[in-house]
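Observations on the three-dimensional arrangement
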Amino acid sequence: MSKKPSPDLPHDTPVDTPRVDVAIAVPSEPGKVQLTALKQSETLESAYAVWDELRATHRSVAQRFASERKRLKDEGDFVVGTVEAAKRAGAPLLPGQEGLVKASDADAFLAQAKAKLAASVEQLEQLSQQTEGAYQQALATVRHEVRSRIERYLQRVRPHVRLMLRVMPRDQRVLHVARVGPDEAVLLCFLLNGRVPSRYGYLFDDSTNDAQGEPPHLYADETVAIDIEAASPGPPRLKDMLNSSPEVVPVKACIPLWVPVDGAPKLAWLKQRGPVMEAEVEDGPSFRHLLRAGEAEAIAAVFLKLKLEGKLELDWVRE
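In this text, all values refer to a predicted model and were calculated from it rather than measured experimentally.

Before going further, it helps to spend a moment on the packing of helix 3 (residues 103–156) against helix 4 (residues 182–193). Two quantities define a packed helix pair, namely the angle between the axes and the distance from one axis to the other. Viewed as axis vectors pointing N to C, helix 3 and helix 4 meet at an angle of 100°, and their least axial separation amounts to 10 Å. Our classification of the angle between helix 3 and helix 4 gives roughly perpendicular. Where helix 3 approaches helix 4, its residues R147, I150, E151, Y153 and L154 are matched on the opposing element by D183, V186, L187, F190 and L191. Tallied by class, the residues present in the contact of helix 3 with helix 4 amount to seven nonpolar, no polar and three charged.

Moving on to the packing of helix 1 (residues 32–40) against helix 2 (residues 44–88). With their axes 9 Å apart at the nearest point, helix 1 and helix 2 run at an angle of 175° to one another. Considered as vectors, helix 1 and helix 2 are oriented roughly antiparallel to each other. Contacts from Q34, A37 and L38 in helix 1 reach A47, V50, E53, L54 and T57 in helix 2. Its residues assigned to classes, the contact of helix 1 with helix 2 shows five nonpolar, two polar and one charged.

Right, let's talk about the nonpolar core for a bit. In this structure, I150, I255, I299 and F303 are the most contacted members of the largest nonpolar core, which totals 70 residues. In terms of residues, this core owes the most to one element, helix 3, which gives eleven residues. Formed by five residues, the second largest nonpolar core is a distinct cluster that contains V79, V83, A106 and A113.

Time to look at a nonpolar patch on the surface. On the surface, L304, L308 and W316 cluster together to form a nonpolar patch covering roughly 350 Å² of accessible area. By the element assignment, L304 lies in helix 6 (residues 293–308).

Reading the values: the criteria
- All residue numbers refer to position in the chain's written sequence, counted from 1.
- Totals for whole chains, interfaces and linings use every residue, but because this is a predicted model, local features are given only for residues with pLDDT of at least 70 and side-chain atom pairs only at 80 or more, for both listing and counting.
- Derived side-chain values reflect all non-hydrogen atoms in the structure, with water molecules and hydrogen atoms excluded from consideration.
- Interaxial angles span 0 to 180 degrees and are taken between N-to-C directions of axes, which are lines fitted to C-alpha atoms, for helices over the stretch in contact.
- Strands here are runs of E lasting at least two residues and helices are runs of H or I lasting at least four, both read from the DSSP assignment and numbered beginning at the N terminus.
- Under this scheme an angle from 65 to 115 degrees is roughly perpendicular, one under 35 degrees roughly parallel, and one over 145 degrees roughly antiparallel; angles in between are oblique.
- Throughout, a residue-residue contact means that at least one pair of heavy atoms, one from each residue, lies within 4.5 Å.
- As a working rule, the residues Ala, Val, Leu, Ile, Met, Phe, Trp, Tyr, Cys and Pro are called nonpolar, Asp, Glu, Lys and Arg charged, and the rest polar, with Gly in that last group.
- Within this scheme, the nonpolar core is defined by two criteria: the residues are buried Ala, Val, Leu, Ile, Met, Phe, Trp, Tyr or Cys, and they are joined through side-chain atoms within 4.5 Å.
- Buried, partly exposed and exposed residues are distinguished by accessible area as a fraction of the type maximum, computed with a 1.4 Å probe on protein chains only: under 20%, between the cut-offs, and over 50%, respectively.
- Residues enter patches when they are more than 30% accessible in relative terms and free of salt bridges; like-charged ones are connected within 9 Å and nonpolar ones (Val, Leu, Ile, Met, Phe, Trp, Tyr) within 5 Å.
- Surface accessibility in these figures is a Shrake-Rupley result with a 1.4 Å probe; residues are shielded only by whichever protein chains are displayed.
- For this document, the term salt bridge refers to a Lys or Arg side-chain nitrogen within 4 Å of an Asp or Glu carboxyl oxygen.

In structure tokens form, the structure reads like this:
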């Protein structure tokens, strides 16, 4: 006779699958609530809010599976250790008593316990794979909708970019871009990279876990695994990340862009600094804000190209 599905199992779990002997609960239809909310939303901000919620739920469920794997491993280690201890204690504890356990009985018990634990681990992994697959599909759907929504916005909205040039001693330049709004920040990132930022308010987020250091430049989002050391990368690692993330750029408080300098592409970024963004170019292991005349002109040329293509409004002034 088939068993009724557990309320803790995904809706597509076969009804004859026995309940896993685990202490874990996951949504019956991962991502359904968020995808329903996405269909009912219209703005960029609301789409990103759905994306944030889905990521948070996904992380929470992944942590539950990790905790349950550890619990099963600890249980298995404890059982094995207990049986080995029982086998070693072959001598009677008190006069007239037999030893704790016969070796053959201990081995039979251990085999049964291992079989039960193996079945639990297998069922847990099946549940994990089904749940993870559902979340990845939901995340892909949200990413696709965010990108589509950005493209629709750009059909009727042209971001306004105001460049401000300051000439410094020794023929150096400082190039600022006037602060933009959250929607324009998302649109600019897409125009300059062909990919969507992973957070709506990414450009204005100066939060940090290290009050003594510079705020990180990347988020640890679902498309790119970011460790603590890589959260504030120099140009080489940032270029690797950009090349490995074809759909999403998890940047924070900056907008990366490629500029043609001396006939070759060079990485630059617009770093949010209060009321303005400041253009910086790669210079070995770091970025440099004092630009050569050709570098400033190359950055401005990227925006001029977008203006001539009718994708943004552009003006510039000398500070």
